[in-house]
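Listed below, chain by chain, are the residues.
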Amino acid sequence: MTYDHQNKRISTERLVLRLFQKSNAEAVTKLCNNYNIYKNTLYLPYPYTLEDALTWIDHHLDHFNADKSYEFAITDKETGRVYGAIALSNNKKFNNGELAYWIGEEFWGNGYATEAAQAILRFAFDEKKYHKVFARYFHSNQASGRVMQKLGMKKEGIFIDHVKKENQYVDLVYYGIINPQE
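Residues numbered from 1 in each chain as written. Predicted model: local features only at pLDDT ≥ 70, side-chain atom pairs only at ≥ 80, totals over all residues. Heavy atoms only, no water.

**Digging into the packing of aromatic side chains**
For any pair of aromatic rings, geometry is given as the distance between the ring centres together with the angle between the planes.
Right, on to step 1. Scanning the model with the defined rule gives 13 aromatic pairs in all.
Right, on to step 2. Members of the aromatic cluster, connected to one another through ring pairs, are Tyr 3, Phe 64, Tyr 70, Phe 72 and Phe 123. (Phe/Tyr/Trp six-rings, centres within 6.5 Å; stacked < 30°, edge-to-face > 60°.)

Shown next as structure tokens:
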């Protein structure tokens with residue numbers, strides 16, 4: 001993993017994680033306007049519109065520059081094609097952040113979420129000097145849990161009936177990892 005400070009880009013073996021651009025809004029809309037993405041995410045609306053994408057992308061640079069959160073497009077290193085998104089919040093008071101990600105359904109099963117998340121963990125610990133990174137997933141989304149396990153995260157607990165999705169209460173499973181360099 002290499003981090004380019006000036007361009008706010010992270011490179012891995014197959015991917016480039018970079019800020020979204022307005023020109024990515026159509027691709028984001030196509031990927032997110034998918035029921036299977038919606039049902040596994042906490043905040044994405046459905047149907048997902050171009051306006052949703054533009055509004056979401058509009059705040060990324062300000063949040064990044066303010067050290068509030070870091071939202072990256074997960075893109076193919078060769079073609080630049082957008083596969084999904086990965087984000088890391090920044091809770092300065094507690095020196096931790098939440099990892100969140102989604103991958104377009106047509107790209108599931110290729111290891112992109114794991115590869116991007118490994119890079120974000122290194123960014124969090126090496127660049128931002130976080131003490132801890134945590135993540136959560138709907139109990140029904142076991143694939144997301146496997147990504148967290150591959151990262152070396154440990155299951156910290158289940159929040160029973162913690163959020164409401166489609167008029168049903170669902171469990172959130174929490175995982176976390178402490179900076180191994182501390």
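**A word on the side chain of Arg 18**
Right, on to step 1. Among the structural elements, Arg 18 can be located in strand S3 (residues 15–18).
Right, on to step 2. Of the side chains bearing the opposite charge, Asp 76 lies closest to the buried Arg 18, which forms no salt bridge; the N-O distance is 11 Å.
Right, on to step 3. At a separation of 2.9 Å, a polar atom in the side chain of Arg 18 contacts the side chain of Asn 24.
Right, on to step 4. Those residues in contact with Arg 18 that lie beyond four places of it in its chain are Lys 8, Arg 9, Asn 24, Glu 71, Phe 72, Ala 73, Thr 75, Gly 80 and Val 82. (Helix = DSSP H or I, 4+ residues; strand = E, 2+ residues; numbered from the N terminus. Buried < 20%, exposed > 50% of the residue type's maximum accessible area, 1.4 Å probe, protein only. Lys, Arg positive; Asp, Glu negative; His and termini not counted. Salt bridge = Lys/Arg side-chain N within 4 Å of Asp/Glu carboxyl O. Polar contact = N/O pair within 3.5 Å; in protein donor to acceptor, adjacent residues only side chain to side chain. Contact = heavy atoms within 4.5 Å.)

**Considerations on the sheet that holds strand S8 (residues 154–165)**
Right, on to step 1. Taken together, nine strands build an open sheet; the order of strands is S1-S2-S3-S4-S5-S6-S7-S9-S8 and the sheet is mixed. Since the sheet does not close on itself, it has two edges, and those belong to strand S1 (2–4) and S8, each with one partner. Across the sheet, the mean angle separating the axes of adjacent strands is 25° when strand polarity is ignored.
Right, on to step 2. Note: S3 against strand S4 (residues 69–76), four bridges, orientation antiparallel. Bridging across to S4, Val 16 finds its partner in Thr 75.
Right, on to step 3. Helix H1 (residues 25–32) rests against strand S5 (82–89) and strand S6 (96–103) of the sheet, and its axis sits at about 90° to S5. (Pairing = 2+ DSSP bridges. Axes fitted to C-alpha atoms, helices over the stretch in contact; angles between N-to-C directions.)

**Regarding the environment of Asn 110**
Right, on to step 1. In this fold, Asn 110 is placed in the loop between S6 and helix H5 (112–127).
Right, on to step 2. Among the polar contacts made by the side chain of Asn 110, one reaches the main-chain carbonyl oxygen of Phe 107 at a distance of 3.0 Å.

**Observations regarding the pairing of strand S7 (residues 132–138)**
Right, on to step 1. Taking burial as the measure, the seven residues of S7 include five buried ones, the bulk of the element.
Right, on to step 2. At this point the chain moves from S6, through H5, to the parallel S7, and the crossover so formed is right-handed.
Right, on to step 3. The sheet contact formed by S7 and strand S9 (residues 168–178) spans seven bridges and is antiparallel. Residue pairing for S9: Arg 136 is matched across the bridge by Tyr 174. (Right-handed = clockwise from strand over helix to strand, strands pointing away.)

**Remarks on the pairing of S3**
Right, on to step 1. The alternating pattern of S3 places Leu 15 and Leu 17 and Val 16 and Arg 18 on opposite faces, both of which are buried.
Right, on to step 2. Across two bridges, the pairing between strand S2 (residues 9–11) and S3 is antiparallel. By the bridge assignment for S3, Ile 10 is matched with Leu 17.
Right, on to step 3. Hairpin remark: S2 followed by S3, antiparallel, with three residues in the connecting loop.

**Overview of unusual backbone geometry**
Right, on to step 1. The omega torsion across Tyr 46 and Pro 47 is 0°, close enough to zero to call that bond cis.
Right, on to step 2. Here Pro 47 is to be found in the loop between helix H2 (35–38) and helix H3 (50–58).
Right, on to step 3. Positive phi, normally seen in glycine, also occurs at Glu 166, with a value near 50°.
Right, on to step 4. Mapped onto the elements of the fold, Glu 166 is located in the loop between S8 and S9.

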